[in-house]
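Given next are the chains, with one letter for each unit.
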Amino acid sequence: MKAGFYQFNPSFGKKEENIEKVVLAVRETDIDLLVLPEFFATGYQFVSHDEVADLSETIPQGQTTEALLALSREKGIYIVAGLPEMAGDKFYNSAVFTGPEGLIGVYRKTHLFFEETLFFTPGDTGFKVWDTKIGRIGIMICFDWFYPESARTLALMGADVVAHPANLVLPFCPDSMPVRCLENMIFAVTANRTGTEQRKENQSLTFIGKSEIVSPRGEILIRAPEDEEVIMVMDIDPAAARDKSLNQFNDILRNRKPQFYGPLS
Ligand code: ACM
């Protein structure tokens, strides 16, 4: 299965331009699972509720999801991509999962970061894994990585590959994902963005790039540079994430001792 990400610098508010950039990038690319950044079509730094309301979309009827559905169908590919979702009077930091067969699912970000907490409602979907023709795909969004429970939950639900749309600004995630992957023996595809947004005085956000694909043994299979727009693809075997044994005595998920993990829930 060819998994990959498109790391780029979306222009704030310019949905059509950002979506078109994705379409052009994947047109010539041989890929089965494409992961795009968090808020890939809108940009990240919202400064008002009106702006959030203006740029958020319903799912699946909405410009961004419709474009992704068309791209999935046309190229016969699976896509996981982040967008601000409007649902009734609530707004979520969401990711859609589309495939040649249509909309596969939606995940709403559980752990909101920084000023997202001003504008968005914490996700109510919980973590989900979808069993597809290309493998069992789970989703977490950006800061969800900081909580090891996110990746663990997805692994316990049977994920082979965690698709991870991101807009990382802190430096920690790229070097932490190998641990998340190793401790759960899963693949992860982190799709981050590049560039800087300064939509408020005295507050600029620089996104750190370094999108990557990590193996169930915690190896960084590919990593993008910090500040380059790039589409990268890697052949992976999702089934390699299904054998959780380290040796004949240790199966890392089966050997858990939840009776001693009480405070976790
Ligand atoms: C983040 O969750 N966008 C850092």
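All of the points below concern the structure found in this document. All values derive from a computational prediction rather than experimental measurement. (Residues numbered from 1 in each chain as written. Predicted model: local features only at pLDDT ≥ 70, side-chain atom pairs only at ≥ 80, totals over all residues. Heavy atoms only, no water.)

Judged by pairing direction, the sheet is mixed, and its 6 strands sit side by side in the order β6-β7-β8-β9-β12-β13 without closing on themselves. Lying at the two open borders of the sheet, with one neighbouring strand each, are β6 (129-132) and β13 (220-223). This sheet shows a mean twist of 15° between the axes of neighbouring strands, independent of strand direction. In this sheet, strand β8 (residues 161-165) lies alongside strand β7 (residues 135-139) in parallel orientation, the contact comprising 3 bridges. Residue Ile137 lies in a different strand from β8, and its bridge partner there is Val161. The strands that helix α6 (residues 173-184) touches are β8, β9 (187-191), β12 (212-214) and β13; relative to β12, the one it contacts most, it runs at about 20°. (Pairing = 2+ DSSP bridges. Helix = DSSP H or I, 4+ residues; strand = E, 2+ residues; numbered from the N terminus. Axes fitted to C-alpha atoms, helices over the stretch in contact; angles between N-to-C directions. Contact = heavy atoms within 4.5 Å.)

For the rest of this paragraph, the subject is the layout of surface pockets. When its volume is computed, the largest pocket comes out at roughly 210 Å³. For the largest pocket, the full set of lining residues is Pro148, Glu149, Arg152, Thr153, Leu156, Glu183, Arg256, Tyr261 and Leu264. Among the elements that line the lining of the largest pocket, the one with the most residues is helix α5 (residues 148-156), at 5 residues. (1 Å grid on protein atoms, 1.4 Å probe; cavity = no way out; pocket = protein on both sides within 12 Å on 5 of 7 lines; lining within 4 Å. Points joined across faces, edges and corners; volume = space filled by probe spheres on them.)

As a further point, take unusual backbone geometry. Ile59 connects to Pro60 through a cis peptide bond whose omega is 5°. Along the chain, Pro60 falls in the loop between α2 (49-55) and α3 (63-75). Of note, the phi angle at Phe39 is positive, near 45°, even though the residue is not glycine. Taking relative accessible area as the criterion, Phe39 reaches 0% and is therefore assigned buried. Phi at Met185 is positive, roughly 50°, even though this residue is not glycine. Residue placement: Met185 occurs in the loop between α6 and β9. Using a relative accessible area of 3% as the deciding quantity, one classes Met185 as buried. (Buried < 20%, exposed > 50% of the residue type's maximum accessible area, 1.4 Å probe, protein only.)

Locating Ser215 in the fold gives a position in the loop between β12 and β13. C-alpha of Ser215 to C-alpha of Ile236: the two residues are 21 residues apart in sequence and 8.5 Å apart in space. Apart from the residues lying within four places of it in its own chain, the contact partners of Ser215 are Cys181, Ile186, Phe187 and Leu221.

As a packed pair, helix α1 (residues 15-27) and α3 sit with axes 11 Å apart at the nearest point and diverge in direction by 15°. Classed by the angle they form, the pair α1 and α3 counts as roughly parallel. In terms of crossing hand, the pair formed by α1 and α3 is right-handed. Listed contacts from α3 to Lys15, Glu16, Ile19, Val22, Val23, Val26 and Arg27 of α1 are Gln63, Thr64, Ala67, Leu71 and Lys75. The residue makeup of the contact of α1 with α3, split by class, is 6 nonpolar, 2 polar and 4 charged. (Parallel < 35°, antiparallel > 145°, perpendicular 65-115°, else oblique. Left-handed = near helix turned anticlockwise from the far one by under 90°. Nonpolar A, V, L, I, M, F, W, Y, C, P; charged D, E, K, R; others polar.)

Attention now moves to the nonpolar core. With 47 residues, the main nonpolar core has Met1, Leu33, Phe97, Ile137, Ile139, Met140 and Val161 as its most contacted residues. Here Ile137 is in contact with Met1, Leu33, Phe97, Lys128, Val129, Trp130, Thr132, Val161 and Ala163, once residues within four sequence places are set aside. Residues Ile59, Leu71, Val96 and Val106 belong to the second largest nonpolar core, which totals 21 residues. (Core = buried A, V, L, I, M, F, W, Y, C linked by side-chain atoms within 4.5 Å.)

With their axes 10 Å apart at the nearest point, α5 and α6 run at an angle of 35° to one another. For the crossing formed where α5 meets α6, the hand is right-handed. Across from Pro148, Ala151, Arg152 and Ala155 in α5, the residues of α6 making contact are Arg180, Glu183 and Asn184. For the contact of α5 with α6, the residue count by class is 3 nonpolar, 1 polar and 3 charged.

Let's shift gears to the side chain of Asp251. Along the polypeptide, Asp251 turns up in the segment after β14 (230-235). If we ignore the near neighbours within four places in the chain, the residues touching Asp251 are Lys244 and Ser245.

The strand order β5-β4-β3-β2-β1-β14 describes an open sheet built from 6 strands, whose pairing is mixed. Of all strands in the sheet, those with a lone pairing partner are β5 (102-108) and β14, marking the two edges. Shown here is a sheet whose adjacent strand axes are inclined to one another by a mean of 30°, direction ignored. In the sheet, strand β3 (residues 78-87) pairs with strand β4 (residues 90-99) via 9 bridges, with the strands oriented antiparallel. Within the sheet, the bridge partner assigned to Leu83 lies in β4 and is Ser94. Packing of α1 onto the sheet brings it into contact with β1 (2-7), β2 (33-35) and β14, and relative to β1 it is tilted by some 140°. Strand contacts of α3: β3, β4 and β5, with the helix running at about 165° to β3, the strand carrying the most contacts.

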